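Descriptive structure summary
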Amino acid sequence: MRCFIPLFLVSIWVGSVFSKDAALETVSKHGQLAVDGVNLVNQYGEKVQLKGMSLFWSVWMPYYYNKTTVDGIKEYCHSNIVRPMMAIDTQDGGYLTDPEGETALIDAVIDAAIEDDMYVLVDWQDFEAENHLEQSLFYFDRLSKKYGSYPNIIYEPYNEPITLEWSSLVKPYHEAVIKTIRANDPDNLIVLGTPQWSQRLDLAAADPIQNQTNIMYSLHFYAGTHQQWERDITKAAIDAGLPVFVSEYGTVNADASPPVNLTETLAWYEFMEERGMSYVNFAVSDKDEGAAALIPGTPPEKVCREEYLTESGKIVVEHNKA
Ligand SMILES: *[C@@H]1O[C@H](CO)[C@@H](O)[C@H](O)[C@H]1NC(C)=O
Ligand SMILES: *[C@@H]1O[C@H](CO)[C@@H](O)[C@H](O)[C@H]1NC(C)=O
Ligand SMILES: *[C@@H]1O[C@H](CO)[C@@H](O)[C@H](O)[C@H]1NC(C)=O
């Protein structure tokens, strides 16, 4: 008689074999995320790693805010996470001047990510979000009501605080947004911006947010500018118990200019891989600058195809699948 293996056992077995290719590590495999100590874990409590791509500012590259692009990011950039970047307050507009238009762009990316079985990190792309608290609370209330029941959703309510005033400005902002989100969504991950363009993890580690679950703190680095000093303060923060998520990184200088610093980029990958950290590259963009993953003029139908990747794009895709 043939041996019959029940399907549920097969799926438990499959569930604990992890591929280095992020595109295979889908939401249907990992489900509801949680934070356990400093680690991001899946629905079985196993450590899980998200690797993927940020889009460029919504006001400047709206043509990438749809499913054609998200499909490309998953399949050809080997990603299990996409990060729409909602402009808030720029000289060319943003959420403050066109809340409905901006909300629709972000929703298109969220809907595509859900269809594509990917996680989606919704970024409130603001540098002084404490000055726009009312708008932010309105937006995150709506977002968490509409999508909070999907395990795909991850919130990033403050991209990069410029200020160093963590305890008096940034932390109270986060606490207010967390309260609003948690009223609708008790468990999805919230990634919190840290002072000085999300670099000063030490300030957050000295005064972390109390009595909340499934929150992590964001680290942003650009390998040409932020190097060993940044790794040292991040390591100290993690060692002190702070869970850290790299919601934005680049292979080039902090102003997005070339060159790619390969040595430092590889040092960062090693640092993140050793700790099983999640990381999101900036950006799926065809702007003529070092940080862009795509060459100028790349249409949505060609996003992440090899012949359209820049030097930076090729390095990033290599790490998303290996
Ligand atoms: C996405 O936008 C691009 C550019 O506007 C367009 O060519 C493509 O058909 C759109 N895809 C979908 C699924 O709407
Ligand atoms: C956290 O919870 C503890 C125990 O319930 C309580 O004593 C403390 O005041 C809380 N802290 C904050 C900031 O809410
Ligand atoms: C990368 O950064 C290191 C350390 O600052 C520096 O020595 C090196 O010249 C940089 N490489 C490039 C290509 O800029």
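Refer to the structure above for everything that follows.
Below is a short write-up of the structure.

Reading the values: the criteria
- Residues numbered from 1 in each chain as written.
- Chains lettered and ligands numbered in written order.
- Predicted model: local features only at pLDDT ≥ 70, side-chain atom pairs only at ≥ 80, totals over all residues.
- Heavy atoms only, no water.
- Near = heavy atom within 4 Å.
- Polar contact = N/O pair within 3.5 Å; in protein donor to acceptor, adjacent residues only side chain to side chain.
- Areas by Shrake-Rupley, 256 points an atom, 1.4 Å probe, with all protein chains shown as cover.
- Phe/Tyr/Trp six-rings, centres within 6.5 Å; stacked < 30°, edge-to-face > 60°.
- Helix = DSSP H or I, 4+ residues; strand = E, 2+ residues; numbered from the N terminus.
- Buried < 20%, exposed > 50% of the residue type's maximum accessible area, 1.4 Å probe, protein only.
- Lys NZ or Arg CZ within 6 Å of the ring centre and 35° of its normal.
- Core = buried A, V, L, I, M, F, W, Y, C linked by side-chain atoms within 4.5 Å.
- Contact = heavy atoms within 4.5 Å.
- Axes fitted to C-alpha atoms, helices over the stretch in contact; angles between N-to-C directions.
- Parallel < 35°, antiparallel > 145°, perpendicular 65-115°, else oblique.
- Left-handed = near helix turned anticlockwise from the far one by under 90°.
- Nonpolar A, V, L, I, M, F, W, Y, C, P; charged D, E, K, R; others polar.

Taken together, Gln-227, Pro-259, Val-260, Asn-261 and Glu-264 make up the full set of residues adjacent to ligand 3. Between an oxygen atom of ligand 3 and a side-chain N or O atom of Asn-261, the distance comes to 2.4 Å. Relative to its free-state accessible area of 360 Å², ligand 3 is covered by the protein chains to the extent of 38%.

What follows deals with the packing of aromatic side chains. Here the structure, examined in full by the defined rule, presents 20 aromatic pairs. Measuring from centroid to centroid gives 6.1 Å for Trp-166 and Tyr-217, while their planes differ by 55 degrees, and the two rings are tilted. Highlighted residues: Trp-166 in helix α6 (residues 166–184) and Tyr-217 in strand β9 (residues 215–222), separated in sequence by 51 residues. Taken individually, Trp-166 and Tyr-217 each receive the classification buried, so the pair is uniform in this respect. One aromatic cluster is present, formed by Phe-221, Tyr-249, Trp-268, Tyr-269, Phe-271 and Tyr-279 through successive ring pairs. The ring centre of Trp-268 lies 5.2 Å from the NZ or CZ of Arg-231, which sits over that ring. Here the basic side chain of Arg-275 rests over the ring of Phe-271, its NZ or CZ set 4.0 Å away from the ring centre.

The nonpolar side chains of a soluble globular protein tend to be buried with one another. Counting residues in hydrophobic clusters, the biggest one holds 78 residues, and the most contacted among them are Ile-73, Val-82, Trp-124, Tyr-139 and Tyr-217. Apart from the residues lying within four places of it in its own chain, the contact partners of Ile-73 are Met-53, Leu-55, His-78, Ser-79, Ile-81, Val-82, Met-118, Val-284, Val-303 and Cys-304. Counting 14 residues, the second largest nonpolar core, distinct from the first, contains Leu-33, Val-48, Ile-81 and Leu-189.

Axis angle and axis distance: for two packed helices, these are the angle between their axes and the distance between the axes, and together they describe the pair. Here helix α4 (residues 99–115) crosses helix α5 (residues 133–147) at 30 degrees, and the two axes come no closer than 13 Å. In terms of orientation, α4 lies roughly parallel with respect to α5. At the point where α4 passes α5, the crossing takes the right-handed sense. Across the interface between the two elements, Thr-103, Ile-106, Asp-107, Ile-110, Asp-111 and Ile-114 from α4 touch Tyr-139, Arg-142, Leu-143, Lys-146 and Tyr-147 from α5. For the contact of α4 with α5, the residue count by class is six nonpolar, one polar and four charged.

Here the residue pair Pro-258 and Pro-259 is connected by a cis peptide bond, since its omega of 5 degrees sits within 30 degrees of zero. In this structure, Pro-259 sits in the loop between β10 (244–250) and α10 (262–274). Geometrically, the link from Phe-282 to Ala-283 is a cis peptide bond, its omega value of 5 degrees lying close to zero. Within the fold, Ala-283 resides in strand β11 (residues 279–284). Although it is not a glycine, Asp-117 adopts a positive phi angle of roughly 65 degrees.

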